[in-house]
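Reading the structure
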Amino acid sequence: MLPSDEPHHHDPVVVTALRKTYSSVDAVRDITFTVRRGQITGLLGPNGAGKTTTLRSMLGLSKPTAGTALIEGRPFTTHRHPVRVVGAVLDASGAAPGHSAIEHLRTYAPLAGADDARIQTLLAEVDLTKAARLRVGKFSLGMKQRLAIATALLGDPKILILDEPGNGLDPQGMAWLRRFLRSYADGGGTVLVSSHLLTELEQVVDHVVLIASGVVIHEGTLAALLDSAPAGSAGRATLESAFLNLIEQTETHR
Amino acid sequence: MKPSLSAQLVSEYRKIMTWRVWWYLVGVLLVVLAGLTALISQIALSSSPFGNGADDAGNASVLFSAPTLVAPMVAITVGILVATRDYRNGTATLTFLGEPRRNRVLASKIVVAAAANILLAALSVIVSAGVAVAFLVAAGEQLWLWSSPVQAKLGWTVIAFMLWSLIGLGIGELVRNQFGALLSAFGYLLAIEPALRMMLGMGNIRLVDFFPGSAGDSLVGGTPMSGMYPRDLQDPVQGGLVLAAFAAIALALGWVRITRSDVP
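Residues numbered from 1 in each chain as written. Chains lettered and ligands numbered in written order. Predicted model: local features only at pLDDT ≥ 70, side-chain atom pairs only at ≥ 80, totals over all residues. Heavy atoms only, no water.

Considering the overall build of chain A
For clarity, the threshold we go by: To qualify as a helix, a DSSP run of H or I must reach at least 4 residues; to qualify as a strand, a run of E must reach at least 2; elements of each kind are numbered from the N terminus. Note that the radius of gyration is over C-alpha atoms, with the globule rule given as 2.2 Å times the number of residues to the power 0.38. Burial status follows relative accessibility: with a 1.4 Å probe on protein chains alone, a residue under 20% of its type maximum counts as buried, one over 50% as exposed, and anything between as partly exposed. Residue contacts are defined here by distance: any two heavy atoms, one from each residue, within 4.5 Å place the two residues in contact. The accessible surface values rely on the Shrake-Rupley method and a 1.4 Å probe; as for residues, cover is taken only from the protein chains in view. Charged residues are defined here as Lys and Arg on the positive side and Asp and Glu on the negative side; His and the ends of the chain fall outside this count. By convention, the point assigned to a charge is CZ for Arg, NZ for Lys, CD for Glu and CG for Asp.
In terms of regular secondary structure, chain A is built from nine helices and nine strands. Over its C-alpha atoms chain A spans a radius of gyration of 18 Å, differing by no more than 12% from the 18 Å that the globule rule assigns to 254 residues. In terms of overall dimensions, chain A has C-alpha extents of about 55 × 40 × 40 Å along its principal axes. For chain A, buried positions account for 54% of its 254 residues. When contacts within chain A are restricted to residue pairs at least 6 apart in sequence, those whose partners lie at least 24 apart make up 68%. Of the roughly 11,000 Å² of accessible surface on chain A, a fraction of 52% belongs to carbon and sulfur atoms. For chain A, the distance from the average position of its 25 positive side-chain charges to the average position of its 25 negative side-chain charges is 8 Å.

Considering the packing of aromatic side chains
For clarity, the threshold we go by: Each aromatic pair joins two rings of Phe, Tyr and Trp (for Trp, the six-membered one) with centres within 6.5 Å, and gets the label stacked for planes under 30 degrees apart, edge-to-face for over 60, and tilted for any other angle. Definition used: whenever NZ (Lys) or CZ (Arg) falls within 6 Å of the ring centre and also within 35 degrees of the ring normal, the charge is taken to sit over that ring.
Counted by the stated rule, this structure contains three aromatic pairs over all chains. Judged by centre distance (5.4 Å) and plane angle (5 degrees), the rings of A:W176 and A:F180 are stacked. Separated by four residues within a single helix, A:W176 and A:F180 lie in helix α6 (residues 171–186), roughly one turn from each other. Across the pair, exposure class does not vary: A:W176 and A:F180 are buried alike. Aromatic ring contacts, followed pair by pair, group A:W176, A:F180 and A:Y184 into a single cluster. The lysine or arginine in question, B:R102, covers the ring of B:F96, its NZ or CZ lying 5.7 Å from the ring centre. For the cation-ring pair, B:R197 lies above B:Y229, with the distance from its terminal atom to the ring centre recorded as 3.8 Å.

Digging into the UniProt feature "domain: ABC transporter" (unreviewed entry) in chain A
Quick reminder of the rule: UniProt positions are given in the numbering used here, feature names are shortened, and annotations may be inferred rather than shown by experiment.
Within the UniProt annotation, "domain: ABC transporter" (unreviewed entry) is assigned to residues 13–238 of chain A. Secondary structure content for residues 13–238 of chain A is 33% helix and 27% strand, and the end C-alpha separation is 26 Å.

Quick notes on helix α8 (residues 178–202) of chain B
Residue and element names in this part refer to chain B. Defined as follows: To estimate how far a helix should extend, the number of its residues minus one is multiplied by 1.5 Å. Note on bend: at a given residue it equals the angle between the axes fitted to the 7 residues ending there and to the 7 starting there. Polar contact criterion, stated in full: a pair of N or O atoms within 3.5 Å, where within protein one must be able to donate a hydrogen and the other to accept it, and residues adjacent in sequence count only if both atoms are side-chain atoms.
Under the 1.5 Å per step criterion, the end-to-end length of α8 is 35 Å for 25 residues, consistent within 8% with the ideal 36 Å. Approximately 45 degrees is the largest bend angle found in α8, and it occurs at Y188. Listing the buried residues of α8 in full gives Q178, A181, A185, L189, E193, P194, R197 and G201. For α8, the secondary structure elements touched by its buried residues are α4 (66–88), α7 (148–175) and α9 (212–219). For α8, the capping residue at the N-terminal end is N177, with a side-chain oxygen 3.1 Å from the backbone nitrogen of F179.

So, the pattern of salt bridges
Test applied: A side-chain nitrogen of Lys or Arg and a carboxyl oxygen of Asp or Glu constitute a salt bridge if their distance falls within 4 Å.
What the rule picks out here adds up to 20 salt bridges over all chains. Here A:D26 and A:R19 are joined by a salt bridge, their closest N and O atoms 3.1 Å apart. Accessibility expressed as a relative area gives 28% for A:D26, which makes it partly exposed. Using a relative accessible area of 34% as the deciding quantity, one classes A:R19 as partly exposed. Where salt bridges share partners, they join B:E12, B:K15, B:D86 and B:K109 into one cluster.

Structural data, given as structure tokens:
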């Protein structure tokens, strides 16, 4: 492991032993991982692995049963101005259908301290300038996703957290998302992105946190993971073959 | 800059101002009230022409009472919608990410629901009074608008709208499901309480005074329908206190839910 790969106390996101129990069933049991600054970290795992629960607990929307999630050194909810620290896209369809894109952004702008000029900049950034006055109810899924990203960026945060942003996106939308995430990270931003579709993020993540059945089964750089994994059906190691291999190992160790 | 209560307030204010359903509701309500007032005025003026005595002002106040008839259902609906709209649209996440201090979110919703209903009540009273006065003028009666029973009724009507909306807000935060909250509120107001009030009222049982609907009717000095119930109404202040207590209980329950439960 390279020295830069060790977790630091000043890492932007540090999750430690997070546990969330719903009526005596563990949604996540023991989630520990670190997100490095300026990198794109993929929180990857099958549906029901606990990705959404983890993200919502990190952001104070769900109260963890145990464990901590520190964002820039403190819990998200204790930040003076949380949406200026973290932008989150948890539910792309979260918008009043009667609102236009601009009305939607103006509704959440005060909490982020964003003015109308910022809203116009963001609409341009997510390619929605032409649709600014269109009702969100008429938006395609890709447009809703981009509006949700613009909403998350209102406070100009340096950390972006996205839950399954690829869901329902067509290849064009997916390509846009990958380009966007890369340029955000290249600009010094930190990204944590969850997905159950391992291949769709393989081209863009630097660091991977693999979770299954509520526990982290692997954390490290994508390159190191692929180096250590056996070749899959494609003749080379892929994120998918590495993941399946890890699942198999975890099962046999049980 | 710290996230202030005012930022959350502006956000909630914008939610309602840009909400088309709200403006449709205001429009429909005012049209219905104009029609209802015309109907009430027609009936009242044809059956018992007013004299000039002191009691007549009380009789005349019925012409100005159409808003009291709709206040519970309309205001409770607005309160429920202000609370549940975030959950229904999936925007609760955005709201609570922006302001994780949940009591502040509730506080700003209280301010917005109360203010919206004061506005709604004021418009209702103005439209209804306008129609009533037109009928009085046409019938050659005096206006009665400035008489104290009429003024009191109009004033209490505004308070009633506000209190009912806070009850709705509390129910909405507690139940979260929009349809479920509306169904329970309407079921209670239109079926359960009228039935209980009729049955218990016949025995002249005092418990009736502590029902929210009955207290609300007392607050506004009676509605065109409250005369059908056997038990007499209370003093407006007494009714107002009972209704305010219900608003406080509903908001307390909503507060417990909003601060303790996970955001859906």
